[in-house]
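Chains, contacts and geometry: an overview
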Amino acid sequence: MKITAGLAPMAGFSNIPFRLLCHSLGADYAVTEMISAAAVCFNNEKTLTLSEISSREGPCALQLFGHDAETVSNAIHILLGRTCEEESVRPAAVEINMGCPVKKIVSSGDGSALMKSPELAGRIVKFARDATSVYKIPLWVKIRAGWDKNSINAPYFAALMADQGAERITVHGRTRELMYAPSSDNAVIQAVRKAVPDSIEVFGNGDICSAADAVKMIDQTECDGVLVGRAALGDPWIFSELKALGDGREYAYPSVDERVDAAIELTRAIVERNGENYGIRMARGRAAHFIKGIRGSANVRDMLNHASSFDEFESILRRLAR
Ligand SMILES: Cc1cc2nc3c(=O)[nH]c(=O)nc-3n(C[C@H](O)[C@H](O)[C@H](O)COP(=O)(O)O)c2cc1C
């Protein structure tokens with residue numbers, strides 16, 4: 001069974017080095033961290049850096065958040081007008097974030113707050129689609145099940161977004177109220193699949209930790225593909241597992257040495273992109289995910305917190321390798 005699987009957008013994590021790693025391990029596509037449409041329009045340098053896509057990556061969608069249709073449209077023109085000058089870094093799609101549950105985001109009317117305002121969300125999608133069409137780039141939307149248990153509206157909402165021009169809907173099967181626990185509900189993904197025309201792709205998201213979870217989600221929902229979030233942070237090899245399944249090959253979980261090597265290579269890439277000082281601080285949390293569960297990793301994690309150079313970081317991590 002071939003499964004199309006992407007790396008979920010994760011603020012603070014889905015940056016170029018991590019996306020490159022996931023692509024190299026078999027991710028079919030990735031999505032950038034969420035990017036503020038308003039900050040793009042203000043020419044915010046940090047935001048523009050977040051929107052960069054490397055020419056060495058596989059397909060990567062650019063994710064935007066915003067609650068004003070004109071601002072979202074302007075941001076798309078700024079970003080695509082720029083990136084389309086260089087064919088190699090064209091995003092695979094633009095995705096509008098209508099799922100982020102974080103208080104700071106929803107209190108401005110962004111992210112999952114839009115699920116409470118379907119008309120406004122539809123207007124944003126229409127403006128965004130008009131803008132992406134100029135560059136012949138698809139428009140996607142990422143949503144949740146709804147705002148809370150009393151307002152689960154994903155099927156109706158998704159159909160409206162499709163009507164306004166969204167070409168792929170990714171559904172995280174939790175309401176905003178649930179944030180990230182307890183478990184995601186595949187039934188709502190199935191209901192979205194049924195509610196939108198067959199020509200619109202529906203991707204399922206939530207709690208995929210293994211190839212078996214992805215197969216179960218596809219069997220239960222008939223979705224067109226899956227998006228893996230938190231599980232990929234410590235186990236980006238999940239994409240290799242999914243590829244092996246699709247090719248009918250045996251899959252072997254990576255050895256301790258392979259996990260340590262991957263943590264070191266990711267750190268190297270983060271440091272190259274961000275400088276040693278900031279890069280090492282960023283890499284601590286990332287490397288910790290990779291070595292979780294390895295004997296001695298708690299000690300090593302503490303030591304990494306005090307490492308200040310790449311060489312020191314590498315030699316501490318190597319202590320775990322056999
Ligand atoms: C640290 C973190 C950051 C996230 N940032 C984003 C984001 O920028 N945009 C977005 O649409 N979703 C974001 N999400 C949600 C994920 O994309 C995904 O929908 C969610 O984690 C559920 O999938 P999972 O169970 O596979 O982790 C984030 C999640 C986490 C844990």
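Definitions and limits used
Residues numbered from 1 in each chain as written. Predicted model: local features only at pLDDT ≥ 70, side-chain atom pairs only at ≥ 80, totals over all residues. Heavy atoms only, no water. Helix = DSSP H or I, 4+ residues; strand = E, 2+ residues; numbered from the N terminus. Rg over C-alpha atoms; globule rule 2.2 N^0.38 Å. Buried < 20%, exposed > 50% of the residue type's maximum accessible area, 1.4 Å probe, protein only. 1 Å grid on protein atoms, 1.4 Å probe; cavity = no way out; pocket = protein on both sides within 12 Å on 5 of 7 lines; lining within 4 Å. Points joined across faces, edges and corners; volume = space filled by probe spheres on them. Nonpolar A, V, L, I, M, F, W, Y, C, P; charged D, E, K, R; others polar. Domains from an automatic or database assignment. Buried area = accessible area lost by both parts, 1.4 Å probe. Salt bridge = Lys/Arg side-chain N within 4 Å of Asp/Glu carboxyl O. Axes fitted to C-alpha atoms, helices over the stretch in contact; angles between N-to-C directions. Left-handed = near helix turned anticlockwise from the far one by under 90°. Contact = heavy atoms within 4.5 Å. Near = heavy atom within 4 Å. Polar contact = N/O pair within 3.5 Å; in protein donor to acceptor, adjacent residues only side chain to side chain. Areas by Shrake-Rupley, 256 points an atom, 1.4 Å probe, with all protein chains shown as cover. Sits in = over half its atoms within 2 Å of the grid points. Disulfide = S-S within 2.5 Å.

Let us look at the overall build of the chain. A count of helical and extended segments in the chain gives 15 helices and nine strands. Taking 2.2 N^0.38 as the reference for a compact globule, 322 residues should give roughly 20 Å; the C-alpha atoms of the chain span a radius of gyration of 20 Å, in line with that estimate. Principal-axis analysis of the C-alpha atoms places the extent of the chain at approximately 55 × 45 × 35 Å. Looking at the chain as a whole, 56% of its 322 residues are labelled buried.

A few words on empty space enclosed by the protein. Tallying each qualifying case throughout the model produces one cavity of 30 Å³ or more. By volume, the largest cavity is sized at about 40 Å³. In this structure, the largest cavity is lined by Phe 13, Phe 18, Leu 233, Leu 266, Arg 286, His 289 and Phe 290. When residues in the lining of the largest cavity are grouped by element, the largest group, three residues, is from helix 13 (residues 276-291). In terms of residue class, the lining of the largest cavity is built from five nonpolar, one polar and one charged.

Right, let's get into the layout of surface pockets. Taken as a whole, the largest pocket holds about 670 Å³ of empty space. Looking at the largest pocket, it is lined by 24 residues, and the ones nearest its centre are Gly 12, Glu 33, Lys 46, Leu 50 and Tyr 278. Secondary structure elements with two or more residues in the lining of the largest pocket: helix 1 (16-24), strand 3 (35-36), helix 3 (45-50), helix 5 (103-106), helix 12 (256-274) and helix 13. At four residues, helix 3 tops the list of elements feeding residues into the lining of the largest pocket. For the lining of the largest pocket, a count of residues per class yields eleven nonpolar, six polar and seven charged. Looking at which domains feed residues into the lining of the largest pocket, each of domain 1 (5-247) and domain 2 (256-318) gives three or more. The space that makes up the second largest pocket amounts to roughly 510 Å³. What lines the second largest pocket is a set of 29 residues, among which Ala 8, Pro 9, Met 10, Lys 142 and Tyr 180 lie closest to the centre. Of all the elements, helix 10 (residues 230-234) adds the most residues to the lining of the second largest pocket, at three residues.

Turning to the domain arrangement of the chain, a few remarks are in order. Taken domain by domain, the chain comprises domain 1 (5-247) and domain 2 (256-318). Between domain 1 and domain 2, the C-alpha centre-to-centre distance is 28 Å. Surface buried jointly by domain 1 and domain 2 totals about 1000 Å² across both partners, of which 68% is contributed by carbon and sulfur atoms. In terms of surface lost to domain 2, no three residues of domain 1 exceed Phe 13, Pro 17 and Trp 237, which account for 43% of the buried area on that side. For the pair domain 1 and domain 2, the interface holds one salt bridge. Between Glu 52 and Arg 273 there is a salt bridge whose closest N-O contact spans 2.9 Å. For the side of domain 1 that touches domain 2, the element with the highest residue contribution is helix 1, accounting for four residues.

Now for the packing of helix 1 against helix 12. At a minimum axis separation of 9 Å, helix 1 and helix 12 run at an interaxial angle of 145°. As for how helix 1 packs across helix 12, the hand of that crossing is right-handed. Judged by residue contacts, Ile 16, Pro 17 and Phe 18 of helix 1 engage Leu 266, Ala 269, Ile 270 and Arg 273 from helix 12. Across the contact of helix 1 with helix 12, the residue classes tally to six nonpolar, no polar and one charged.

This brings us to the site of the ligand. The environment of the ligand is formed by 16 residues, the closest being Pro 9, Gln 63, Asn 205, Asp 207 and Arg 230. The backbone of Pro 9 places a nitrogen or oxygen atom 2.8 Å from an oxygen atom of the ligand. One of the backbone nitrogen or oxygen atoms of Ala 11 is found 2.8 Å away from a nitrogen atom of the ligand. The protein chains hide 89% of the 610 Å² of surface that the ligand would expose on its own. Comparing atom positions with the cavity grids shows the ligand to sit within the second largest pocket. When grouped by side-chain class, the residues that make up the shell around the ligand number seven nonpolar, six polar and three charged.

In total, this model carries zero disulfides according to the counting rule given. Between Cys 223, a cysteine without a disulfide, and Cys 209, which holds the nearest cysteine sulfur, the sulfur-to-sulfur distance is 15 Å. Classification of Cys 223 as buried rests on a relative accessible area of 5%.

This next bit is on the environment of Gly 26. Turning to its location among the elements, Gly 26 is positioned in the loop between helix 1 and strand 2 (29-31). Overall, Gly 26 belongs to the buried group, its relative accessible area being 16%. With 81 residues separating them along the chain, Gly 26 and Ser 107 place their C-alpha atoms 37 Å apart. For Gly 26, the residues in contact, after removing those within four places along its chain, are Phe 239 and Lys 243.

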